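# Per-entry structural report
Given next are the chains, with one letter for each unit.
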Amino acid sequence: MRALKAVLRIVAWIAIAFAAASVAIITNGDAAGEPTSSAAGAGAASPSPAALAESPTAGRDLLSNGDFSHGSGKSPDNWRTGGWKEEPSVTSYDWLHSPGSEPELIVNNLQANDARWLQTLSLGRDGIT
C-alpha cells in the first residue's frame, strides 16, 4: 500500500509539472543578464489553460482553478510558486489576468533555477479526491 501511495504521488507531481510547464512562459537570462524568452522561438501556440485543466478521461477538471481565472494580488487561487532557489533576485513570478485576455502564469528566471507554479492534487483509489 505504501508503494502504491508513493507511485501515485510521483504521478501527480509529474502531471502537475507537465501542466505548469505547458502554460508558463519560461524565461532565462542570457549571457549579458538580459531576460530572454525560451517560449518565443517555439513556433507553436500553447494550449489554453482551460484546455489543460480538463481531464483526458472523464472530462473532470484535474486542477482547481486550472484556467487561472480566480485569485487576488499576484497569485491565482490554489496555485503557489516553488523553485530550487527562492530569492527574488533569482526568479520572479507573475499572474497576468487583464480583462478580455486569457490569464497566464509567468516564470522569469534571472539566473539558472528550477522554478515553477504548482498545485497539489490528492489522489484517492478512484482518482482525484
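All figures in this text were calculated on a predicted structure; none of them were measured in a lab.

## Describing the overall build of the protein chain
When helices and strands are counted, the protein chain shows two helices and ten strands. For the protein chain, the sequential pattern of α-helices and β-strands runs α-β-β-α-β-β-β-β-β-β-β-β. Counting every position in the protein chain, which comprises 129 residues, the buried fraction comes to 27%. For the protein chain, long-range pairs separated by at least 24 residues make up 47% of all intrachain contacts whose partners lie at least 6 apart in sequence. As displayed, the protein chain has an accessible area near 8,300 Å², and 57% of this comes from carbon and sulfur atoms.

## Let's talk about the nonpolar core
Buried together is how nonpolar side chains tend to be arranged in soluble globular proteins. Leu 63, Phe 68, Trp 79, Tyr 93, Trp 95, Leu 105, Val 107, Ala 115, Trp 117 and Leu 121 form the largest nonpolar core, which has ten residues in total. Going through the elements one at a time, β6 (91-96), β7 (104-109) and β8 (115-118) are the ones with two or more residues in this core.

## Focus on the pattern of salt bridges
A full pass over the atoms with the stated rule returns two salt bridges. The closest approach of N and O atoms between Arg 116 and Asp 114, which form a salt bridge, is 3.3 Å.

## Topic: the environment of Thr 120
Topologically, Thr 120 is positioned in the loop between β8 and β9 (123-124). Under the relative-accessibility criterion, Thr 120 is labelled partly exposed at 47%. Separated by 42 residues in sequence, Thr 120 and Asn 78 place their C-alpha atoms 8.5 Å apart. Engagement of the side chain of Thr 120 in a polar contact is seen with the side chain of Arg 80, the distance being 3.0 Å.

## A closer look at unusual backbone geometry
Phi is positive for Asn 65, which is not a glycine, with a value near 60°. Within the element layout of this structure, Asn 65 appears in the loop between α2 (49-53) and β3 (71-72). Of note, the phi angle at Phe 68 is positive, near 60°, even though the residue is not glycine. With respect to the helices and strands, Phe 68 occurs in the loop between α2 and β3.

## Structural notes on the confidence of the model for the protein chain
Per-residue confidence for the protein chain gives a mean pLDDT of 71; residues scoring 70 or more make up 51%. In the model, residues 22-44 has pLDDT below 50 throughout and makes 37 contacts with residues more than four positions away in sequence or in other chains.

## Describing the side chain of Asn 65
Overall, the relative accessible area of 12% leaves Asn 65 in the buried class. A distance of 2.7 Å separates the side chain of Asn 65 from the backbone oxygen of His 70, its partner in a polar contact. Here Asn 65 is in contact with His 70, Pro 76, Asp 77, Asn 78 and Trp 79, once residues within four sequence places are set aside.

## Some words on the packing of aromatic side chains
For the structure on display, the rule yields two aromatic pairs. Taking 5.3 Å as the distance between ring centres and 70° as the angle between the ring planes, the aromatic pair formed by Phe 68 and Trp 79 counts as edge-to-face. Taken as a pair, Phe 68 in the loop between α2 and β3 and Trp 79 in the loop between β4 (75-76) and β5 (80-83) lie far apart in primary sequence, eleven residues in all. Relative accessible area serves as the criterion here: at 1%, Phe 68 is assigned to the buried category. Where Tyr 93 meets Trp 117, the ring centres are 5.9 Å apart and the plane angle is 80°; that geometry is what we call edge-to-face. Pair noted here: Tyr 93 is in strand β6 and Trp 117 is in strand β8, with a separation of 24 residues, a long-range link. Pair check on accessibility: Tyr 93 and Trp 117 agree, each one buried.

Conventions used here
- Residues numbered from 1 in each chain as written.
- Predicted model: local features only at pLDDT ≥ 70, side-chain atom pairs only at ≥ 80, totals over all residues.
- Heavy atoms only, no water.
- Helix = DSSP H or I, 4+ residues; strand = E, 2+ residues; numbered from the N terminus.
- Buried < 20%, exposed > 50% of the residue type's maximum accessible area, 1.4 Å probe, protein only.
- Contact = heavy atoms within 4.5 Å.
- Areas by Shrake-Rupley, 256 points an atom, 1.4 Å probe, with all protein chains shown as cover.
- Core = buried A, V, L, I, M, F, W, Y, C linked by side-chain atoms within 4.5 Å.
- Salt bridge = Lys/Arg side-chain N within 4 Å of Asp/Glu carboxyl O.
- Polar contact = N/O pair within 3.5 Å; in protein donor to acceptor, adjacent residues only side chain to side chain.
- pLDDT = per-residue confidence, 0-100.
- Phe/Tyr/Trp six-rings, centres within 6.5 Å; stacked < 30°, edge-to-face > 60°.

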